[in-house]
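# Observations on chain architecture
What follows is each chain in one-letter form.
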Amino acid sequence: MSPGHAPELVLTIQETGAGTPYELTGDQVAALVAVPHLVRLSPAPGGRWAVRGNQKVGTVRLRTRTGGSVHLRLRPKIGIRDLLFLLSYAPADPWRPEQVTAATADDLLPALADLLARTARRTLEAGVLHGYREVEDELPLIRGSIRTTAQLRRTGLPLPVAVRYDDHTPDIPENRVLLAALHLAAYLPGVPRPTCLALRHLADRLHGVRRPRPGEPLPTWTPSRLNARYAQALRLAELLLSGSSIRQEGGTPIPADGFLLDLPQVFERFVTVALGESLARHGIRGAPQDRHRLDEAHRVGFRPDLVLYREGRPVSAVDAKYTFLRGAAPPVEHLYQLLAYCTALGLTHGHLVYAATTSGPAPTDHVIRRSPVTITAHALNLDEPPAALLAQTAALAARTATPARA
């Protein structure tokens, strides 16, 4: 540590567990308390603090009030390759599962950086995408069309001419998003030097592209035939960039030195996309995050993870929970939630889907007393290889589709 620099505390925290006891200063405790969605603190013997994970993975560096820092390394309960496979099932399919299973990195950040480098290299092999951008300028000659109103204000000054024209340029939203992600990934902690050099070389190929400033909203792009070859790289880029901010207690998102993933969101996306694909083979459409109303006055809304429709009629609801069940029955609040969904939608069957790292329990039915509703709890073993995990999802689809045939 250099003279005059405040110390950095490195905490390696598992996603689940009783928590590791650490000796923390008041400033370090304050920095961790400010982001309760990242870790949870509780007093431990000997004046220490037990720090537990809170369903986030990645790495982030938190600054303390005295100029020091707390470097959190949040590790998942499941393997990195298994996590990357779940990420491959985000909407729009950002990369193919066979590419994910080929990843050799044992840590999340190097694995994602390596994926971005390989995907961006394939994307840019055919050249940098250009597009037309409308430019308003004042030039010594006419280019495009004259901006009449602006030119008439120039009384007695014929030059320069106020013009509007379309410029064929690489400085388009697709390249801005990709450049921002390449730059971020090149400076993520733990990324090997060869990968960093590859990422910087790829960023250099985007000459003439403006990189979005930190905190600036990302440019929006629309999938089309022209940018189809960019789609996989852009989805992965957006994933990396979305994890580059944190939210402090009671505050808005702020830039973070690192990268974070919210595991409940990752698991929910996998279940809704993979299960939806399997349900389509049974003639059922799965609608993720459909908006519905709980009360007759339409004041209270809710959005189930997945509502199953057959011939336009809702037949079941699915809610994904990134929770590892420890008992024979789901938490009562989960049953309450799905019971409310089924009641409001007029359904007789709902499904809770949980995560597991071993062969989970067989599906269990919970018949609600004095109600026509049955709620079935399922568990997906995330430690299984991709083919086996998809087979579990197909079996789950067959089970959830059965009531719809009745």
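Residues numbered from 1 in each chain as written. Predicted model: local features only at pLDDT ≥ 70, side-chain atom pairs only at ≥ 80, totals over all residues. Heavy atoms only, no water.

So, on to the overall build of the chain. When its secondary structure is counted, the chain shows 11 helices and 20 strands. At a minimum sequence separation of 6, the contacts of the chain that also span at least 24 residues come to 64%. Total accessible area on the chain stands at roughly 20600 Å², and carbon and sulfur atoms take up 53% of it. (Helix = DSSP H or I, 4+ residues; strand = E, 2+ residues; numbered from the N terminus. Contact = heavy atoms within 4.5 Å. Areas by Shrake-Rupley, 256 points an atom, 1.4 Å probe, with all protein chains shown as cover.)

Bringing the sheet that holds strand 3 (residues 39-44) into the picture now. Sheet strands pair via backbone hydrogen bonds, and the direction of the pair is either parallel or antiparallel. One open sheet accounts for three strands, arranged 2-4-3; its pairing is antiparallel. In this open sheet, the two edge strands, each paired with only one partner strand, are strand 2 (20-22) and strand 3. Sheet twist, expressed as the average angle between the axes of neighbouring strands with direction ignored, equals 35 degrees. Inspection of the sheet shows strand 2 paired to strand 4 (residues 48-53) by three bridges, in the antiparallel sense. Looking at the pairing, Thr20 lines up with Val51 of strand 4. (Pairing = 2+ DSSP bridges. Axes fitted to C-alpha atoms, helices over the stretch in contact; angles between N-to-C directions.)

Let us look at the pairing of strand 5 (residues 56-63). Burial within strand 5 is extensive, with seven of its eight residues counted as buried. Examined bridge by bridge, strand 5 and strand 6 (residues 69-75) share six bridges and lie antiparallel to one another. Note that in strand 6 the partner of Arg63 across the bridge is Ser69. (Buried < 20%, exposed > 50% of the residue type's maximum accessible area, 1.4 Å probe, protein only.)

It is worth spelling out the pattern of salt bridges at this point. Tallying each qualifying case throughout the model produces 11 salt bridges. A salt bridge links Asp262 to Lys56, with the shortest nitrogen-to-oxygen separation between them at 2.9 Å. In this pair, Asp262 is assigned in strand 12 (residues 257-262) and Lys56 in strand 5, connecting sequence segments 206 residues apart. Like Lys56, Asp262 is buried. A network of salt bridges, in which partner residues are shared, links Arg210, Arg213 and Glu216. (Salt bridge = Lys/Arg side-chain N within 4 Å of Asp/Glu carboxyl O.)

Quick look at unusual backbone geometry now. In this model, His298 sits at a positive phi of 60 degrees, which is unusual for a non-glycine residue. If you trace the backbone, His298 turns up in the loop between strand 14 (292-293) and strand 15 (301-302). Judged by relative accessible area, His298 falls into the exposed class, the value being 52%. Of note in this structure, Arg370 is not a glycine but carries a positive phi near 55 degrees. Assignment of secondary structure puts Arg370 in the loop between strand 19 (364-367) and strand 20 (374-381).

Put simply, the chain has an average pLDDT of 83, and 81% of its residues get 70 or more. Below pLDDT 50 for its whole length, residues 100-104 participates in 10 contacts with residues either more than four positions away or in separate chains. (pLDDT = per-residue confidence, 0-100.)

All right, on to the packing of aromatic side chains then. The geometry of an aromatic ring pair is captured by two quantities: the separation of the ring centres and the angle between the planes. One pass over the structure, following the stated rule, counts four aromatic pairs. For the pair Phe302 and Tyr341, a centre-to-centre distance of 4.9 Å together with 10 degrees between the ring planes defines the contact as stacked. Linking Phe302 in strand 15 with Tyr341 in helix 10 (residues 332-345), this pair joins segments that are 39 residues apart in sequence. No difference in accessibility class separates Phe302 from Tyr341, as the two residues are buried. In this structure an aromatic cluster arises from ring pairing among Phe267, Tyr322 and Phe324. The residue whose ring lies beneath Arg200 is Tyr187, and the NZ or CZ to ring-centre distance is 4.9 Å. (Phe/Tyr/Trp six-rings, centres within 6.5 Å; stacked < 30°, edge-to-face > 60°. Lys NZ or Arg CZ within 6 Å of the ring centre and 35° of its normal.)

Let us look at the packing of helix 4 (residues 108-124) against helix 6 (residues 173-186). Their axes nearest at 10 Å, the elements helix 4 and helix 6 cross at an angle of 145 degrees. Like other packed secondary-structure pairs, helix 4 and helix 6 cross with a definite hand, here left-handed. Touching Ala113, Leu116, Ala120 and Leu124 of helix 4 are Leu178, Ala181, Leu182 and Ala185, all from helix 6. Of the residues that constitute the contact of helix 4 with helix 6, the class distribution is eight nonpolar, no polar and no charged. (Left-handed = near helix turned anticlockwise from the far one by under 90°. Nonpolar A, V, L, I, M, F, W, Y, C, P; charged D, E, K, R; others polar.)

Summarising the element assignment, Glu174 is placed in helix 6. Look at Glu174: it is buried, it has no salt bridge, and the nearest opposite charge is Arg176 at 8.8 Å. In contact with Glu174, not counting residues within four places along its chain, are Leu129, Trp221, Asn227, Tyr230 and Leu234. (Lys, Arg positive; Asp, Glu negative; His and termini not counted.)

Sheet architecture is open: six strands sit in the order 13-16-17-18-20-19, paired in mixed fashion. In the strand order of this sheet, the two ends are held by strand 13 (285-288) and strand 19, each with one partner. Strand-to-strand twist of the sheet, defined as the mean angle between neighbouring strand axes without regard to direction, takes the value 25 degrees. Bridge count between strand 19 and strand 20: four bridges; the pairing is antiparallel. Looking at strand 20, one finds that Thr364 is bridged to Ala377. Against the sheet, helix 9 (residues 263-280) touches strand 13, strand 16 (306-310), strand 17 (313-324), strand 18 (349-356) and strand 20, its axis set at about 145 degrees to strand 17.

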